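Report on the structure
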Amino acid sequence: MSNPILYHLAAHTVAEPLIDKWIAWPHNFSPILYGLHLLNYQKEVVVSYLKNPSFHVKSCRNPKLLGGPFVDVPEERIDEIKDLLKAIELNHADLLRMARDLTEFQNMLLKAASGQSIEAYYEQIPDSLHGFVELGYDYHNHPVVRCIESLVYESTYYKRNIQSLRICSIAHDDSRPYYMSTPRLVDSEDIEWNIPFDSSQLDELFRLDIEPQSLNTICNLLGLTSKDESRLLPLLSSTPSAHAQPWTGTGLRLRYFGHACVLLEGNGISILTDPFIAISPKEGGIDRLTFTDLPAKIDYVLITHGHHDHFVFESLLRLRHRIGTLVVPRSSGMFHGDTSLRQLAQRLGFKRVQELDTLDSISFSGGKITAIPFFGEHCDLLHAKSGYVVSFGEEQILFAADSCCLDKRVYENIRKILGPISTVFIGMECIGAPLSWVYAPLLPVKPERSHDQSRRSHANDAVSALTLLQAVGAQRAYIYALGREPWLKYFMALIPTDDDPYMQEINKLLAATKAEGFLDVQMLYGKKDLYLGSEKG
């Protein structure tokens, strides 16, 4: 009897995690945030589309409106959008009520409670919030409604049955519409798998990247029959494919996977930062590293913050079975928008999640990971975020992500405690989106325009980047997390050019560091292998 043909996921196949048919990300996963996002963004966008679908589709073809609240669904599929809206209103009436009540109660409390005992207001908590919130004050007598997120996850507000995967083929890097405004309607050639994200069956699917299986096994896993094979086969490949072998050379190898994703390997340890792993589209594109370029085991994955391009469900779920420990920054739990990434990850099925506060560390053979402060990027909202210093022997590498050097003395203090940090991965997305772009649905009061425009999610410009590098004693700097890779366009809504303001600031930094005698400074793009204290293996 001949051996069956074994298949793995094709290089052009993507498994998109969806919630109510929208791309899953922290703001539509945590129930409190999802209620607000659903009420104040998704529902409004869908209603607007139904009123004038042709306007939405036309707007999606205007590059100047990229990232705007426009649904990119052909007008002939309007009935599917109508059905989606009906399902949302039916299935999430409780979540929508809770979101309205939370906003109204917060605004009422702000006017009524000015420093007197807040205990009397417990009687006025709306039924939808009773048993899920604590009332208190900040030190300026501003009332705070603290949501107890763990209790909400255990309530009927958290619905695992709305989670699914859309398994489909990517033709080119521009195939996917903007993540936040366009729901994913399943096409005839796609596979829709209704399954909660924490199911171990997801690991079975994604182990195909390492351990191919027979067509029958894959069909059974996905609940498909032989009639579905014609849809499934184009998403699979029988061409032998193997995961990357661990780095065994001397010193350290750092592999840049695009955006803020770097694989650091040395002394038998592998560490991956902010995984956003590219798919290789059918029609090709720029050269890139993808899932097959990662080892079968990744000891630590470091998450710097909960923004959609750093806590990426699509990559994290696909790698879950390979990851030893997921490391996340500590949340204070004071504000409802400061969602706990630890609880979120655990609900995603991660078994080992370690939450680090500033200067907390994890030791491993030959080194350690230390969390350090992360200023900026969150429009002045005090949400969970952390930079990480990875120490391997004498080498120290800082992954600063989108942090901005707002106070150089913080970095000077870090240097006094940890010693010089010779290598820095630093973000220079220096303009950033205004406060309302991501956070407007979560805010109890609409911000004034001047506040909205001045409070931006931005990283360093040339001056602040150089200040940070000097403060930690850097000799090498690698500019990353710019969102310029083409496979990020549907997430970042950026159309980069060679002379845009970001490149102007980057060129200033390159010139300044060259004048100061840095050993190496580069802007990373696409893919790159870097070596510290080693010979190329």
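Whatever comes next refers back to the structure up there.
Here is a short report on the structure shown in this document. (Residues numbered from 1 in each chain as written. Predicted model: local features only at pLDDT ≥ 70, side-chain atom pairs only at ≥ 80, totals over all residues. Heavy atoms only, no water.)

Glancing now at the layout of surface pockets. Rolled over the atoms, a probe with the dimensions of a water molecule shows which regions are left empty. A volume near 870 Å³ is recorded for the largest pocket. Lining the largest pocket are 27 residues, and of these Gln106, Phe335, Leu381, Leu443 and Pro444 sit closest to its centre. For the lining of the largest pocket, the secondary structure elements donating two or more residues are helix H4 (93-112), strand S5 (143-147) and helix H12 (435-439). When residues in the lining of the largest pocket are grouped by element, the largest group, four residues, is from H4. (1 Å grid on protein atoms, 1.4 Å probe; cavity = no way out; pocket = protein on both sides within 12 Å on 5 of 7 lines; lining within 4 Å. Points joined across faces, edges and corners; volume = space filled by probe spheres on them. Helix = DSSP H or I, 4+ residues; strand = E, 2+ residues; numbered from the N terminus.)

This part takes up the pattern of salt bridges. One pass over the structure, following the stated rule, counts 31 salt bridges. Linking Asp190 and Arg166 is a salt bridge whose minimum nitrogen-to-oxygen distance equals 3.2 Å. Taken together, the residues Asp190 in the loop between strand S6 (163-169) and strand S7 (191-194) and Arg166 in strand S6 connect sequence positions 24 residues apart. Taking relative accessible area as the criterion, Asp190 reaches 3% and is therefore assigned buried. In this structure, the salt-bridge partner of Arg231 is Asp228, at a minimum N-O distance of 2.9 Å. Residue classification places Asp228 among the buried positions, given a relative accessible area of 17%. A cluster of three or more residues bridged by salt bridges with shared partners is formed by Glu16, Arg166, Arg176, Arg184, Asp190 and Glu314. (Salt bridge = Lys/Arg side-chain N within 4 Å of Asp/Glu carboxyl O. Buried < 20%, exposed > 50% of the residue type's maximum accessible area, 1.4 Å probe, protein only.)

Here we come to the nonpolar core. Within the largest apolar cluster, 116 residues are counted, with the highest numbers of intra-cluster contacts made by Phe29, Leu135, Leu205, Leu222, Phe311 and Leu348. No other element matches helix H1 (residues 31-51), which puts 10 residues into this core. Not counting residues within four places of it along the chain, the set of residues in contact with Leu135 comprises Phe105, Leu109, Ile118, Tyr121, Tyr122, Ile125, Val144 and Val145. Leu252, Ala260, Phe399 and Leu530 belong to the second-largest nonpolar core, a separate cluster that totals 30 residues. (Core = buried A, V, L, I, M, F, W, Y, C linked by side-chain atoms within 4.5 Å. Contact = heavy atoms within 4.5 Å.)

All right, on to the packing of aromatic side chains then. Between two aromatic rings, the relevant description is the distance of the centres plus the angle of the planes. In total, this model carries 21 aromatic pairs according to the counting rule given. Ring centres 5.0 Å apart and planes at 20° place the aromatic pair Phe399 and Phe425 in the stacked group. With Phe399 in strand S19 (residues 395-399) and Phe425 in strand S20 (residues 423-427), the pair connects residues that are 26 residues apart, well separated along the chain. By relative accessible area, Phe399 is classed as buried at 1%. Put simply, the rings of Trp25, Tyr178, Tyr179, Phe276, Trp437, Tyr490 and Phe491 pair up and form one aromatic cluster. In this arrangement the basic side chain of Arg318 is found over the ring face of Phe291, its NZ or CZ atom lying 4.2 Å from the centre. (Phe/Tyr/Trp six-rings, centres within 6.5 Å; stacked < 30°, edge-to-face > 60°. Lys NZ or Arg CZ within 6 Å of the ring centre and 35° of its normal.)

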